[in-house]
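# Tertiary structure, described
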Amino acid sequence: MPGTSREVRLAVRPEGLPEPEHFAVVEVPMPVPGDGEVLVRNRFFHVFPALRTLIGGSVRDAPFPGLQPGDTLYGKAIGEVVSAPPDAAVRPGDLVEHWLGWREYAAVPAGQCAPLGDALPDPAAYLGQAAIAYTALTRDARLRPGDTVFVSGGAGGIGSLAGQFARALGAGRVIGSTGSPDKAKRLVSELGYDAAVLRGAGTLPIADQLAEAAPDGIDVLIDNVGGEQLRAALATARTGARFALVGTLAGQLSPDLSGTTAPVEIDTFQVIVKGIEIRGFGSSTGPAVDPGWAERFGGWLRSGEVTFPHARVAGIENAPRALHEMIGGRHLGTVIVEL
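Rules used in this analysis
- Residues numbered from 1 in each chain as written.
- Predicted model: local features only at pLDDT ≥ 70, side-chain atom pairs only at ≥ 80, totals over all residues.
- Heavy atoms only, no water.
- Phe/Tyr/Trp six-rings, centres within 6.5 Å; stacked < 30°, edge-to-face > 60°.
- Helix = DSSP H or I, 4+ residues; strand = E, 2+ residues; numbered from the N terminus.
- Buried < 20%, exposed > 50% of the residue type's maximum accessible area, 1.4 Å probe, protein only.
- Axes fitted to C-alpha atoms, helices over the stretch in contact; angles between N-to-C directions.
- Parallel < 35°, antiparallel > 145°, perpendicular 65-115°, else oblique.
- Left-handed = near helix turned anticlockwise from the far one by under 90°.
- Contact = heavy atoms within 4.5 Å.
- Core = buried A, V, L, I, M, F, W, Y, C linked by side-chain atoms within 4.5 Å.
- Arc of directions from axis to C-beta.
- Salt bridge = Lys/Arg side-chain N within 4 Å of Asp/Glu carboxyl O.

Applying the stated criterion to the full structure yields eight aromatic pairs. Between Y134 and F165, the ring centres sit 6.2 Å apart and the planes meet at 80°, which makes this aromatic pair edge-to-face. With Y134 in helix 2 (residues 130–140) and F165 in helix 3 (residues 159–168), the pair connects residues that are 31 residues apart, well separated along the chain. Owing to a relative accessible area of 3%, Y134 belongs among the buried residues under this scheme. Here the aromatic rings of F165 and F297 are separated by 5.5 Å at their centres, their planes lie at 75°, and the arrangement is edge-to-face. On the criterion of sequence distance, the pair formed by F165 in helix 3 and F297 in helix 9 (residues 293–303) is long-range, its members being 132 residues apart. For the pair F165 and F297, a shared accessibility class is recorded, and that class is buried. Through a chain of ring-to-ring contacts, three or more aromatic side chains come together here, namely Y134, F165, W293, F297 and W300.

Further remarks concern the packing of helix 2 against helix 3. Closest axis-to-axis distance for the helix 2/helix 3 pair is 9 Å, and the angle between their directions is 45°. Here helix 2 is positioned oblique relative to helix 3, judged by the angle of their axes. When the axes of helix 2 and helix 3 are compared, the crossing they make is right-handed. On helix 3, the residues that touch A130, A133, Y134 and L137 of helix 2 are L161, A162, F165 and A166.

Along the chain, G3 falls in the segment before strand 1 (4–10). Apart from residues lying up to four places away in sequence, G3 is in contact with V28, P29 and M30.

Core analysis: the biggest nonpolar cluster contains 43 residues, and L137, L143, V149, F165, I222 and F297 have the highest contact counts within it. Broken down by secondary-structure element, the contributors of at least two residues to this core are helix 2, strand 8 (148–151), helix 3, strand 11 (218–223) and helix 9. Top element by residues in this core is helix 2. It accounts for six residues. Excluding its chain neighbours within four sequence positions, the residues that come into contact with L137 are R142, L143, V149, A162, F165, A166, L169 and I222. Membership of the second largest hydrophobic core comes to 23 residues, among which are V8, L54, L323 and V337.

Turning our eyes to something else, we now look at unusual backbone geometry. The phi torsion at S58 lies on the positive side, around 75°, for a residue other than glycine. Residue classification places S58 among the buried positions, given a relative accessible area of 14%. Its identity is not glycine, yet R142 carries a phi of approximately 45°, on the positive side. Mapped onto the fold, R142 is located in the loop between helix 2 and strand 8.

Every buried residue of helix 5 (residues 206–213) is listed here: I206, Q209, L210 and A213. Relative to the axis of helix 5, the buried residues are bounded by an arc of 95° and lie together on one face. Close packing links the buried residues of helix 5 with strand 8, strand 9 (173–178), strand 10 (195–198) and helix 6 (227–236).

Time to look at the environment of V108. Within the fold, V108 resides in strand 6 (residues 105–109). Assessed through its relative accessible area of 1%, V108 is described here as buried. When the C-alpha atoms of V108 and G298 are compared, they prove to be 27 Å apart, with 190 residues separating the residues in sequence. With residues up to four places along the chain from it excluded, the contact list for V108 reads G36, E37, V38, V40, H98, L100 and C113.

A word on the pattern of salt bridges. For the structure shown, the criterion picks out 15 salt bridges. A salt bridge links R6 to E317, with the shortest nitrogen-to-oxygen separation between them at 3.4 Å. Separated by 311 residues along the polypeptide, R6 in strand 1 and E317 in the loop between strand 14 (310–314) and helix 10 (319–327) bring together distant segments of the chain. Taking the relative accessible area as the measure of exposure, R6 reaches 29% and is therefore partly exposed. Given a relative accessible area of 43%, E317 falls into the partly exposed group. In this structure, the salt-bridge partner of K76 is E97, at a minimum N-O distance of 3.6 Å. On the criterion of sequence distance, the pair formed by K76 in the loop between helix 1 (51–55) and strand 4 (77–83) and E97 in strand 5 (residues 95–98) is long-range, its members being 21 residues apart. The class for K76 is buried, based on a relative accessible area of 17%. If you follow the salt bridges from partner to partner, you end up with R6, E104 and E317 in one network.

Written out as structure tokens, the structure is:
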């Protein structure tokens with residue numbers, strides 16, 4: 001076992017969107033696990049949009065602390081247990097999920113290591129946001145067979161799964177949004193979307209495109225973006241529509257904002273007159289969550305009914321670039337660094 005480990009630290013808080021030069025990959029002594037800690041060699045970790053919010057200082061009452069210059073980044077990771085206390089539920093060689101990513105080795109409290117099990121055929125799929133997508137559809141938006149569903153940010157880590165899940169759960173029509181013409185084609189050809197709307201210069205307003213893609217209106221919104229796309233969904237919603245607000249990419253990835261706010265002006269008359277239910281996504285854990293979602297997801301993956309769209313970037317030295325590419329929308333699906 002080596003005597004050192006590498007990790008990614010925030011070198012300086014950026015003005016605007018983070019660039020690779022705002023981070024440092026540093027070599028540190030191998031972590032020494034304390035009492036009740038497990039030493040884990042990370043194999044994969046997740047590169048996710050909310051890091052922009054953490055770099056900006058986080059949000060009041062959010063469950064995750066903000067990052068200061070000099071801090072090591074963190075996030076969901078999959079790793080192999082190197083050593084564990086005798087009374088721990090995991091043993092050397094086990095694959096576990098934990099939250100000390102962005103480093104090659106981590107000393108993790110044993111209670112914060114979750115054994116993977118074999119519900120999913122690919123360990124990397126545990127880094128996907130399937131639980132969020134599934135819970136938003138089934139618990140928060142209460143998807144019904146035949147519903148017309150709009151997924152904003154349909155090519156992202158959550159959206160690329162939410163559209164497929166909506167189809168597998170019986171939606172009648174599924175529409176996604178993206179900022180790339182190539183991704184728009186892939187939403188339809190690979191991920192089972194019926195139509196894609198495109199944001200960006202030179203395109204019709206999202207509201208006009210959505211009205212054309214859903215001439216009878218939408219019943220469900222899984223909103224990963226906010227902003228203009230939330231307004232368009234309100235204008236297109238049918239009476240009694242259910243909206244699950246999951247993400248705020250319009251605010252998180254704006255170069256003109258800190259990543260810690262996502263302001264949007266909406267027409268509340270639309271909410272009142274149509275009886276639209278808007279619910280902020282809380283958590284994909286707890287007693288209200290379907291305990292069998294992972295087995296269902298694994299069954300869909302094995303049958304080929306659902307895929308896990310993701311991009312793997314090799315090497316911790318390339319992690320800052322992976323974050324930059326994720327923010328820039330280069331990849332479809334979940335972005336993962338493989339060690």
